[in-house]
Amino acid sequence: TSPVHPFDLLAVDGLLTDEEREIRGTVRALADRELRPHVAGWFEKGEIPARELARTLGRVGVLGMHLEGYGCAGTNAVAYGLACLELEAVDSGLRSLVSVQGSLAMYAIWKYGSEEQKQRWLPKMAAGEYIGCFGLTEPDAGSDPGAMRTNAKRDGSDWILNGTKMWITNGSVADVAVVWARTEDGVRGFLVPAGTPGFSAPEIKMKLSLRASVTSELVLEDVRLPADAMLPEARGLSGPLGCLNEARFGIVFGALGAARDCLETAVSYARDRTVFARSLASYQLTQQKLADMAVELGKGMLLALHLGRLKDAGALTAEQISVGKLNNVREAIAIARECRTILGANGITLEYPVLRHANNLESVLTYEGTSEVHSLVIGKALTGEQAFR
Ligand code: FAD
């Protein structure tokens, strides 16, 4: 019998296909070689070499990897989830770059775009030559995107866009922004190339979370776009919400990567650290903390894999994604904070990843539907009563 892997107590690995394990191995190797050695520095400075990173990630094929055609790898959903997990084991900011590029910006074009829009943008986005962002949230409309004010009005055959988007990942470094705006015809999506007159994307600074990720405001002042800048196939809020479900799925796996990295760090630290003349790992209180965390990590992996298999079978529902996002992010942040206690004072520095992960997970808890909103989705499924408003 094979030995039990301490970070895979339930032998979830054995439920993966060879191809899934191979893709995970490729992403993990890239992470160890090119990302992990630099990430604390990027976080500390609050700066990432986004362009270079996008090309590196494009080279290994993770950008839009679960999409078919247009230079995308066309993997299954589980492989995509595992890639998210390995990237988030480095930093949630790097996984955010990949989620926004592949599951929000590219997916919106892939799912709702014209053939011409797909040809123009997708191959270069898959290669990491172009970066995309996805602008839905506004200063006064987050959980309730129906309250958005950004609007698009016709001027002959052109569109004129006005409004402000807030908290937009990749915004300042994006070559193309997918912007959702109110029109006479309901909410529609528009492709806004960087450099369009009237469009700017100032970066949001002074963040304490996701510092290794670019977060921006998008300002649209009488931005004139041609008729063919609109995504023809997205009508109403179901357009952007469809994209969010894709990205949320990646987070169900991704958050567990951050949790695993914290747990690995805490176990190794506890074994090395001597307190009261014995190894910290030899105390029952420490072992109880570690055991509880390993149990949650294992359960989270089973949940993620189950949702991945449902997605690959075309059977995954929005409520099920809410269960996964709510549980796995909530448990991941609890694990990160508990691991921090095991590291004592060392836990508060960037020498170790635990508080960086915990701080990042504060954003992950809030974006892609806050944990409260996911609870309400599940509550509605249980009771038939919608409690959003
Ligand atoms: P609010 O909606 O104002 O919520 C505040 C609090 O009220 C939360 O606790 C919320 O759960 C709670 N609440 C809301 N409604 C209810 C209710 N009905 N009942 C009970 N409680 C409720 N957006 C994008 O469009 N694109 C991006 O790329 C993007 N990237 C982001 C990156 C980062 C680092 C962060 C932090 C955010 C990002 N977001 C992005 C925005 C994110 O999706 C929003 O922050 C999120 O939807 C929550 O909106 P809000 O911050 O306006 O909070």
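What you are looking at is a predicted structure, and each value in this text was computed from that prediction instead of being measured.

> In this structure, what is going on with the layout of surface pockets? I would like to understand it.
One simple way to see leftover space: roll a probe sized like a water molecule over the atoms. Estimates place the volume of the largest pocket at around 1,300 Å³. Considering the residues around the largest pocket, the lining is formed by 45 residues, among which Gly142, Leu244, Arg248, Glu368 and Gly369 are closest to the centre. Elements with a minimum of two residues in the lining of the largest pocket: helix H4 (92-112), strand S5 (158-169), helix H6 (238-272), helix H8 (318-342), helix H9 (354-366) and helix H10 (371-383). Tallied by class, the residues present in the lining of the largest pocket amount to 18 nonpolar, 17 polar and ten charged.

> Honestly, the pairing of S5 in this entry has me stumped. Any pointers?
Regular strands place side chains that alternate from one sheet face to the opposite one. Two strands pair when backbone bridges link them, and strand S4 (residues 151-155) and S5 are joined in this way by five bridges, in the antiparallel orientation. Paired with lysine 153 across the two strands is isoleucine 160, which belongs to S5. Counted between consecutive antiparallel strands, the loop separating S4 from S5 contains two residues, among which glycine 156 sits at a positive phi close to 65°. By the bridge criterion, eight bridges tie S5 to strand S9 (residues 215-225) in an arrangement that is antiparallel. By the bridge assignment for S9, lysine 165 is matched with leucine 218.

> Please explain the site of the ligand as it appears in this structure.
By nearness alone, 17 residues border the ligand, and Thr137, Ser143, Trp167, Thr169 and Thr370 come closest of all. At a separation of 2.8 Å, a nitrogen atom of the ligand approaches a polar side-chain atom of threonine 169. Relative to its unbound accessible area of 980 Å², the ligand is 68% covered by the protein chains. The pocket occupied by the ligand, as judged from atoms lying within 2 Å of grid points, is the largest pocket. Counting only elements with at least two residues in the shell around the ligand, the list comes to S5, H9 and H10. Looking at the shell around the ligand element by element, the count peaks at three residues for S5. Split by residue class, the shell around the ligand holds eight nonpolar, seven polar and two charged.

> Teacher, can you tell me more about the packing of aromatic side chains here?
The description of an aromatic ring pair rests on the distance of the ring centres and on the angle between the ring planes. Tallying each qualifying case throughout the model produces six aromatic pairs. With 5.9 Å between their ring centres and 35° between their planes, tyrosine 107 and tryptophan 110 make a pair best called tilted. Remark: tryptophan 110 and tyrosine 107 occur in helix H4; sequence separation between them is three residues, near one turn of the helix. Judged by relative accessible area, tryptophan 110 falls into the partly exposed class, the value being 25%. Between tyrosine 269 and tyrosine 352, the ring centres sit 5.6 Å apart and the planes meet at 90°, which makes this aromatic pair edge-to-face. Pair noted here: tyrosine 269 is in helix H6 and tyrosine 352 is in the loop between H8 and H9, with a separation of 83 residues, a long-range link. Since its relative accessible area comes to 8%, tyrosine 269 is described here as buried. Here the basic side chain of arginine 211 rests over the ring of phenylalanine 43, its NZ or CZ set 6.0 Å away from the ring centre. Here arginine 278 stacks its cationic end above the ring of tyrosine 283, 4.2 Å away from the centre of that ring.

> I'm lost on a nonpolar patch on the surface in this one. Help?
Taken together, the side chains of Leu9, Leu10, Leu15 and Leu302 make up a nonpolar region of the molecular surface, amounting to roughly 350 Å² of accessible area. Along the chain, leucine 15 turns up in the segment before helix H1 (18-45). On the basis of relative accessible area, leucine 15 is assigned to the partly exposed category, the value being 47%.

> Mind showing me how you'd approach helix H3 (residues 77-88) here?
Taking 1.5 Å per residue, twelve residues should reach 16 Å; H3 reaches 16 Å between its end C-alpha atoms and fits that length. The elements touched by buried residues of H3 are H1, helix H2 (50-59), H4, H6, helix H7 (284-312) and H9. A distance of 3.4 Å separates the backbone nitrogen of valine 78 from a side-chain oxygen at the start of H3, and that oxygen is part of asparagine 76.

> For this particular structure, what's the right way to read the packing of H7 against H8?
When two helices pack together, their arrangement is captured by the angle between the axes and the distance separating the axes. Contact pair H7 / H8: the axes reach a minimum separation of 10 Å and the direction vectors enclose 155°. For the element pair H7 / H8, the angle class is roughly antiparallel. The hand of the H7/H8 crossing is left-handed. Facing Thr286, Lys289, Leu290, Met293, Glu296, Leu297, Gly300, Leu303, Ala304, Leu307 and Leu310 of H7, the residues of H8 in contact are Gln320, Val323, Gly324, Asn327, Asn328, Glu331, Ile335, Glu338, Cys339, Thr341 and Ile342. Here the contact of H7 with H8 is built from residues that sort into eleven nonpolar, seven polar and four charged.

> For this particular structure, what's the right way to read the pattern of salt bridges?
Where side chains of opposite charge bring their charged atoms close, a pairing between them can arise. For the structure on display, the rule yields 21 salt bridges. Of the charged contacts, one joins aspartate 32 and arginine 36 as a salt bridge, the two residues approaching to 2.2 Å between their closest N and O atoms. Here aspartate 32 pairs with arginine 36, and both are found in helix H1, just four residues apart, close to one helical turn. Overall, aspartate 32 belongs to the partly exposed group, its relative accessible area being 42%. By relative accessible area, arginine 36 is classed as partly exposed at 29%. Salt bridges linked by common partners bring Arg28, Glu86, Arg260 and Glu264 together as one network.

Calculation criteria
- Residues numbered from 1 in each chain as written.
- Predicted model: local features only at pLDDT ≥ 70, side-chain atom pairs only at ≥ 80, totals over all residues.
- Heavy atoms only, no water.
- 1 Å grid on protein atoms, 1.4 Å probe; cavity = no way out; pocket = protein on both sides within 12 Å on 5 of 7 lines; lining within 4 Å.
- Points joined across faces, edges and corners; volume = space filled by probe spheres on them.
- Helix = DSSP H or I, 4+ residues; strand = E, 2+ residues; numbered from the N terminus.
- Nonpolar A, V, L, I, M, F, W, Y, C, P; charged D, E, K, R; others polar.
- Pairing = 2+ DSSP bridges.
- Near = heavy atom within 4 Å.
- Polar contact = N/O pair within 3.5 Å; in protein donor to acceptor, adjacent residues only side chain to side chain.
- Areas by Shrake-Rupley, 256 points an atom, 1.4 Å probe, with all protein chains shown as cover.
- Sits in = over half its atoms within 2 Å of the grid points.
- Phe/Tyr/Trp six-rings, centres within 6.5 Å; stacked < 30°, edge-to-face > 60°.
- Buried < 20%, exposed > 50% of the residue type's maximum accessible area, 1.4 Å probe, protein only.
- Lys NZ or Arg CZ within 6 Å of the ring centre and 35° of its normal.
- Patch = residues over 30% accessible without salt bridge, like charges linked within 9 Å, V, L, I, M, F, W, Y side chains within 5 Å.
- Salt bridge = Lys/Arg side-chain N within 4 Å of Asp/Glu carboxyl O.
- Expected span 1.5 Å × (residues − 1).
- Contact = heavy atoms within 4.5 Å.
- Axes fitted to C-alpha atoms, helices over the stretch in contact; angles between N-to-C directions.
- Parallel < 35°, antiparallel > 145°, perpendicular 65-115°, else oblique.
- Left-handed = near helix turned anticlockwise from the far one by under 90°.

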